Amino acid sequence: QVQLVESGGGLVQAGGSLRLSCVASGSIFSIYPMGWYRQAPGKQRELVARITSGGSTNYADSVKGRFTISRDNAKNMVYLQMNSLKPEDTAVYYCSRERRISDTYYSDYWGQGTQVTVSS
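Owing to the predicted nature of the structure, the values given are computational and were not obtained by experimental measurement. (Residues numbered from 1 in each chain as written. Predicted model: local features only at pLDDT ≥ 70, side-chain atom pairs only at ≥ 80, totals over all residues. Heavy atoms only, no water.)

*Asks:* Even after reading the chapter, I still don't get the packing of aromatic side chains, so can you show me in this structure?
*Replies:* Each aromatic ring pair is described using two quantities: the centre-to-centre distance and the angle formed by the ring planes. Within the structure shown, the criterion is met by 2 aromatic pairs. Taking 4.9 Å as the distance between ring centres and 65° as the angle between the ring planes, the aromatic pair formed by Y37 and W110 counts as edge-to-face. Separated by 73 residues along the polypeptide, Y37 in strand β4 (residues 34–39) and W110 in strand β10 (residues 104–110) bring together distant segments of the chain. Taking the relative accessible area as the measure of exposure, W110 reaches 36% and is therefore partly exposed. Their ring planes at 90° and their centres at 6.3 Å tell us that Y94 and W110 sit as a pair that is edge-to-face. A residue pair is termed long-range when its members are at least 10 positions apart, and Y94 in strand β9 (residues 91–101) and W110 in strand β10 qualify at 16 residues. (Phe/Tyr/Trp six-rings, centres within 6.5 Å; stacked < 30°, edge-to-face > 60°. Helix = DSSP H or I, 4+ residues; strand = E, 2+ residues; numbered from the N terminus. Buried < 20%, exposed > 50% of the residue type's maximum accessible area, 1.4 Å probe, protein only.)

Okay, here's the thing in structure tokens:
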């Protein structure tokens, strides 16, 4: 059974930084793309960043230049470094394991989420 556990959320002032972590267990971590998603109240869950097994990354336009996704395959960890945080970044952040079919990615496992709140 695959398990994903996020940590690192919290309350931070606008302009501040947080680093989210996600530890994976129960499968071969290194071969899967991993994603960070977020869901704000009343909004749909959205992709924030994705990192492939080869280390390629992509980001939502709203976070480009501010957030960085990385992974440590030896530790089964994926991280999201969030800098220059804005109140609109406030959301529950989820880690996901992803699969790729043709050019489409989908998430097959999710963590429980970690709350990030950015005050103005």
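*Asks:* Looking at this model, I keep getting lost on the environment of A60. Mind explaining?
*Replies:* With respect to the element layout, A60 can be found in the loop between β6 (57–59) and β7 (67–72). Through-space distance from the C-alpha of A60 to that of A49 is 6.3 Å; in sequence the pair is 11 residues apart. Setting aside residues no more than four positions away along its own chain, A60 makes contact with L47 and V48. (Contact = heavy atoms within 4.5 Å.)

*Asks:* What's the story with the environment of C22 in this structure? I'm lost.
*Replies:* Among the structural elements, C22 can be located in strand β3 (residues 18–25). Along the sequence, C22 and Y79 sit 57 residues apart, while their C-alpha atoms lie 6.3 Å from each other. Beyond its immediate chain neighbours, meaning those up to four positions away, C22 contacts L4, V5, E6, W36, N76, M77, V78 and C95.

*Asks:* Mind showing me how you'd approach unusual backbone geometry here?
*Replies:* Glycine aside, residues mostly have negative phi, and peptide bonds are mostly found in the trans state. Positive phi outside glycine occurs at N76, with the angle close to 55°. Secondary-structure assignment places N76 in the loop between β7 and β8 (77–82). Even without being glycine, S102 reaches a positive phi, approximately 55°. Its place among the elements puts S102 in the loop between β9 and β10. Classification of S102 by relative accessible area gives exposed; the value is 63%.

*Asks:* Would you explain the nonpolar core in this entry?
*Replies:* A general feature of soluble globular proteins is that nonpolar side chains tend to end up buried together. Formed by 28 residues in total, the largest nonpolar core has its most connected members in W36, V78, L80, M82 and Y93. Of all the secondary-structure elements, those providing two or more residues to this core are β3, β4, β5 (46–51), β7, β8, β9 and β11 (114–119). For this core, the element with the most residues is β3, which contributes 4 residues. (Core = buried A, V, L, I, M, F, W, Y, C linked by side-chain atoms within 4.5 Å.)

*Asks:* I keep staring at the state of the cysteines and nothing clicks. Help me out?
*Replies:* One covalent bond between the sulfur atoms of two cysteine residues makes up a disulfide. Using the criterion set out here, one finds 1 disulfide in the structure. At a sulfur-sulfur separation of 2.1 Å, the disulfide partner of C22 is C95. Its S-S torsion of approximately -75° makes the covalent link between C22 and C95 left-handed. Of the two residues, C22 is situated in strand β3 and C95 in strand β9; the sequence distance between them amounts to 73 residues. You can call C22 buried: its relative accessible area is 1%. (Disulfide = S-S within 2.5 Å.)

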